[in-house]
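Residues per chain, in single letters:
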Amino acid sequence: MVTPTRVAIAGCTGSIGRQTLEVIRAEGPERYNVVALGVGSSIELLIQQAREFGPSVVAVADESRRAEVATALPGVEVVADQADLVGPADVVINGVVGFAGLSVTVETLRAGKRLGLANKESLIAAGPVVQPLRATPGAELVPVDSEHCAVHQCLRSSEGFADGAHREVARIVLTASGGPFRGRNAAQLATVTVEQALAHPTWSMGPKITIDSSTLMNKGLEVIEAHELFGVPYDQIDVVVHPQSVVHSMVEFTDGSTIAQLSMPDMRLPIGYALGYPDRITTPFGRIDWSTLSRLDFEPPDHETFRCLNLAYEAGRVGGAAPAWLSAANEVAVEAFLAGLINWNQIADVCVAVLDEYDVAVPGTVGDVIAADDMARRLASEVLERRMAK
Ligand code: MG
């Protein structure tokens, strides 16, 4: 009998966490054993999940709720820090949103374990800190993001995959749905509402990432993520708009051959891929019905209207803390847009104004990354205040 893989899930009550448990439920306890679960403060769902899956340890960041959890789950160890979930696991799924997820990434790689990474800050803002940890013996980073999971699958067959050299890779092509505003120009987009920006055509996601899809900032940040993950230069990472979100990304090789990964948009596929790697799970999430899939369209992105995409390439090429600055400035701008304080076009304006102030600094520690993030947020708030005052 094969022993089940021991899984820890940080951010278990969020979208990624809940879908991870769906995959595990479908695959069964003989394949996956949930040993640790962690949350910020959503303890009601955590308690419910823990009763179903029986972890030996749970992490609750919110101190005021910890005693309640301990009472509800007798015999389960209750800890404060989600980074403490790593110990008993073979694979850790990091579905924490924001900087709180960084410590989970660092601890998992440092412990030489497999990390299923959905926390974008870990690679985009903290790339220089996370990168060296990947060399820890046994450490393995499998992306839980549909595009990067696709690229990972396309690269597997290629010469140089094992050593990360990718000698046969000509370019990575990330696909973008184009979001709800595909085909519109800047003048038309000056007056769009929050509700319109939140109406994503193919993926159902949280408000922040949905707005990022509408500006193509999400794709830009994914370009940086791809560079960090696969070590491929920015000149060899392209973006193509593909409205159906069925081709999740592609890799073109030196002989002109392109390998693509296709499936219906369903995050449980990348989650299952990370859980099972290097094997594949047996539940077919996102399976394509070829009798109903009539067409697949592709078009180049409109770089003039969707300026955030080029901003991300620029920040990525500058490197150091520039991606952290861009990500932080964008978060502040998106919050302001969601609050009705600025229009859609001004999201890019705020990011430009903040990046203009950037002077070179390479973060060496988690503390440096958080300081860079604070700095960029403060600058972005100042930019917004100046605009409000006008
Ligand atoms: Mg994605």
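None of the values given here were measured: they were computed from a predicted structure. (Residues numbered from 1 in each chain as written. Predicted model: local features only at pLDDT ≥ 70, side-chain atom pairs only at ≥ 80, totals over all residues. Heavy atoms only, no water.)

Chemist: Tell me about the overall build of the protein chain, and please be specific about residues and values.
Modeler: Each helix and strand in the protein chain was counted, giving 16 helices and eleven strands. In terms of C-alpha radius of gyration, the protein chain reaches 21 Å, essentially the compact-globule figure of 21 Å for 390 residues. Reported as C-alpha extents along the three principal axes, the dimensions of the protein chain are approximately 60 × 50 × 40 Å. In the protein chain, the share of contacts with a sequence separation of at least 24, taken over all contacts with a separation of at least 6, comes to 68%. Total accessible area on the protein chain is roughly 16,400 Å²; 51% of this is exposed by carbon and sulfur atoms. In the protein chain, the 30 positive side-chain charges and the 48 negative ones have mean positions that sit 3 Å from each other. (Helix = DSSP H or I, 4+ residues; strand = E, 2+ residues; numbered from the N terminus. Rg over C-alpha atoms; globule rule 2.2 N^0.38 Å. Contact = heavy atoms within 4.5 Å. Areas by Shrake-Rupley, 256 points an atom, 1.4 Å probe, with all protein chains shown as cover. Lys, Arg positive; Asp, Glu negative; His and termini not counted. Charge placed at Lys NZ, Arg CZ, Asp CG, Glu CD.)

Chemist: Could you give an account of the coordination of the magnesium ion, naming the residues involved and the relevant values?
Modeler: The protein atoms donating to the magnesium ion are Asp 145 (OD), Glu 147 (OE) and Glu 222 (OE), with metal-donor distances spanning 2.1 Å. Mapping the donors of the magnesium ion onto the primary sequence gives the spacing D-x1-E-x74-E. A relative accessible area of 9% means that Asp 145 is categorised as buried. Relative accessible area serves as the criterion here: at 7%, Glu 147 is assigned to the buried category. (Donors = N, O, S within 2.8 Å, 3.2 Å for Na, K, Ca; no water. Buried < 20%, exposed > 50% of the residue type's maximum accessible area, 1.4 Å probe, protein only.)

Chemist: Tell me about the sheet that holds strand 1 (residues 5–10), and please be specific about residues and values.
Modeler: Consider a sheet: its strands pair through backbone hydrogen bonds, and that pairing is either parallel or antiparallel. Here we have seven strands laid out as an open sheet, ordered 4-3-2-1-5-6-7, and parallel in their pairing. At either margin of the open sheet sits one strand with a lone partner, and together these are strand 4 (77–79) and strand 7 (140–143). Neighbour-to-neighbour, the strand axes of the sheet open up by a mean angle of 20 degrees, direction not taken into account. Across four bridges, the pairing between strand 1 and strand 5 (residues 91–94) is parallel. Note that in strand 5 the partner of Ala 10 across the bridge is Asn 94. (Pairing = 2+ DSSP bridges. Axes fitted to C-alpha atoms, helices over the stretch in contact; angles between N-to-C directions.)

Chemist: Before we move on, can you summarise helix 14 (residues 322–338) with the specific residues and values?
Modeler: Helix length check: helix 14 (17 residues) gives 24 Å between terminal C-alpha atoms against 24 Å at 1.5 Å per residue, within 8%. Of all 17 residues making up helix 14, 15 are buried, and the element is well covered by its neighbours. Once helix 14 finishes, Gly 340 follows within two positions and takes phi at roughly 80 degrees, a positive value. (Expected span 1.5 Å × (residues − 1).)

Chemist: Which residues make up the side chain of Gln 153, and what values go with them?
Modeler: Note on placement: Gln 153 falls in helix 7 (residues 146–155). On the basis of relative accessible area, Gln 153 is assigned to the buried category, the value being 14%. Look past the residues within four positions of Gln 153 in its chain and what remains in contact with it is Gln 261, Leu 269, Tyr 273 and Arg 280.

Chemist: So what's going on with the domain arrangement of the protein chain? Which residues, and what values?
Modeler: By the assigned domains, the protein chain splits into domain 1 (5–143), domain 2 (145–267 + 274–314) and domain 3 (319–390). Once you take the C-alpha centre of each, domain 2 and domain 3 turn out to be 24 Å apart. Of the residues lining the interface, 24 residues belong to domain 2; the matching set on domain 3 comes to 17 residues. Roughly 1,700 Å² is buried in total at the junction of domain 2 and domain 3, and carbon and sulfur atoms are behind 74% of that figure. Contact with domain 3 buries area across many residues of domain 2, yet Lys 208, Arg 307 and Leu 311 alone supply 30% of it, more than any other trio. (Domains from an automatic or database assignment. Buried area = accessible area lost by both parts, 1.4 Å probe.)

Chemist: I'd like a rundown of the nonpolar core, residues and numbers included.
Modeler: Core analysis: the largest hydrophobic core is formed by 76 residues, its most contacted members being Trp 325 and Leu 326. With eleven residues, the single largest contributor to this core is helix 14. Once residues lying within four places of it in the same chain are set aside, the contact partners of Leu 326 are Met 217, Leu 221, Leu 311, Ala 312, Ala 315, Cys 351 and Leu 355. (Core = buried A, V, L, I, M, F, W, Y, C linked by side-chain atoms within 4.5 Å.)

Chemist: Tell me about the sheet that holds strand 8 (residues 169–176), and please be specific about residues and values.
Modeler: The strand order across the open sheet built from four strands is 9-8-10-11, with neighbouring strands paired in mixed fashion. Because the sheet does not close on itself, it has two edges, and the strands there are strand 9 (237–241) and strand 11 (258–262). Here the average twist between neighbouring strands, direction ignored, is 20 degrees. Looking at chain direction, strand 8 and strand 10 (residues 247–253) are connected through five bridges and run antiparallel. Pairing of Val 173 across the sheet is with Met 250, part of strand 10. Where helix 11 (residues 217–230) meets the sheet, its contacts fall on strand 8 and strand 9, and the angle it forms with strand 8 comes to roughly 150 degrees.

Chemist: Give me the packing of helix 13 (residues 307–318) against helix 14: which residues, what numbers.
Modeler: Helix-helix packing: each pair is described by the crossing angle between the helix axes and the interaxial distance. Taken N-terminus to C-terminus, the directions of helix 13 and helix 14 make an angle of 150 degrees; their axes are 7 Å apart at the nearest point. Considering the angle they form, helix 13 stands roughly antiparallel to helix 14. Taken together, the residues of helix 14 that come into contact with helix 13 (itself represented by Leu 311, Ala 312, Ala 315, Gly 316 and Val 318) are Ala 322, Pro 323 and Leu 326. Partitioned by chemical class, the residues of the contact of helix 13 with helix 14 number seven nonpolar, one polar and no charged. (Parallel < 35°, antiparallel > 145°, perpendicular 65-115°, else oblique. Nonpolar A, V, L, I, M, F, W, Y, C, P; charged D, E, K, R; others polar.)

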